[in-house]
Amino acid sequence: MSFGTMLDDAFSYAKEGVWGKWKNWLLLMANLIIFPLILGYIVRIYRGEKPAPRLEQWGAMFIDGLKLLVVSLIYALPVILLVVAAFLPLVSTFISSGALSVNFAAMSEIQMDQWMTAHPAILSALGTMFIVLLVAVIVAIIISIFSFIGTIRFARTGKIGEGFNFSEILAQIGRIGWLTYIAALVIIGVIGFVFWVLLHIFSFIPVVGEIVFLIVAIVVYPPFVLFVSRYAALVYECGEPAPAPVPAAQETAPGNP
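Not measured: the values here are computed from a predicted model.

**Some remarks on the side chain of S229**
With respect to the secondary-structure elements, S229 resides in helix α9 (residues 209-237). Setting aside residues up to four positions removed in sequence, S229 forms contacts with I42, I45 and Y46.

If you want it as structure tokens, here you go:
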């Protein structure tokens, strides 16, 4: 399946899931508040349900959402720890240097330079922070390669442990093709970035920007979730083993039963 076909399928899937179905759209917007519900809905899309699943069996959807949250948090844990490790030395150095009680706004540029020169540990902590954050970004990219497939594998098997079955995850990526898979991740990453930028344009509206941004985000996020989740499911299915061919019926000789 080509990228164009997958994107077209995902767009149609999202459109059919909410357009004209205002009750479903409103319920999905409400589910953003009780976020395990929207996560549980994503699990159903990951399972390959088509058309977009109906909003029912709320208890099961809530439990599925909690399980997906657990899988996602476990994948995110190394990055979270790295980010915390990046900022802790800087915060500790700021506190020990007495920077919290200094009025930097009242300092001239020369006074600022003198203060920083007198506290070289802060520059060192800043350098360490940027290096660790860079490592965190690299680790996040590597983890996303596995988590993208891992979360869908969890959804399709119903087992949290299968979300971390790295041998099967690698096998799935191998069947998709590494270049195809990386390209698929880049495409959805670019789409997500463009969506984020366009959405945040509303926040620049004077006075009411933040309110308008929040309202627009709540309205457009549900169909975007359907689009991205369906696209992810299609990428996963590119690595599904092809069904065994059905044996052709044996011809019977004339006169034989």
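Don't stop here, the text continues.
**What about the nonpolar core?**
One recurring pattern in soluble globular proteins is that nonpolar side chains are buried together. With 46 residues, the main nonpolar core has Y41, I149, Y181, L226 and V235 as its most contacted residues. When contributions to this core are tallied by element, the ones reaching two or more residues are α1 (3-18), α2 (22-31), α3 (35-46), α4 (58-97), α6 (120-157), α7 (166-176), α8 (178-201) and α9. Sort the elements by how many residues they give to this core and α9 lands first, with nine residues. If sequence neighbours within four positions are ignored, Y181 has contacts with S144, I145, F148, I149, I173, I176 and V235.

**Remarks on the pattern of salt bridges**
Following the criterion strictly, the structure yields five salt bridges and no others. K50 is paired through a salt bridge with D9; the nearest N and O atoms lie 3.2 Å apart. With K50 in the loop between α3 and α4 and D9 in helix α1, this residue pair connects regions lying 41 residues apart in the sequence. By relative accessible area, which is 53% here, K50 ends up exposed. Across the pair D64 and R47 runs a salt bridge whose closest N-O atoms are separated by 3.3 Å. With D64 in helix α4 and R47 in the loop between α3 and α4, this pair connects stretches of sequence that are 17 residues apart. On the accessibility criterion, D64 (11% relative accessible area) is buried.

Analysis parameters
- Residue numbers run consecutively from 1 along every chain, following the written order of its sequence.
- With the structure being a predicted model, the display of local features is reserved for residues of pLDDT at least 70 and the display and counting of side-chain atom pairs for 80 or more, all residues being used for whole-chain, interface and lining totals.
- Each side-chain value is derived from all of the structure's non-hydrogen atoms; neither hydrogens nor water enter the calculation.
- Put simply, DSSP marks the helices as runs of H or I at least four residues long and the strands as runs of E at least two long, and each gets a number from the N terminus on.
- Contacts are assigned to residue pairs that have any heavy atoms within 4.5 Å of one another.
- Only buried residues count toward a nonpolar core, which is a set of Ala, Val, Leu, Ile, Met, Phe, Trp, Tyr and Cys residues joined through side-chain atoms within 4.5 Å.
- Only protein chains enter the area calculation, which uses a 1.4 Å probe; residues under 20% of their type maximum are buried, those over 50% are exposed, and those in between are partly exposed.
- We count a salt bridge whenever a side-chain nitrogen from Lys or Arg sits within 4 Å of a carboxyl oxygen from Asp or Glu.

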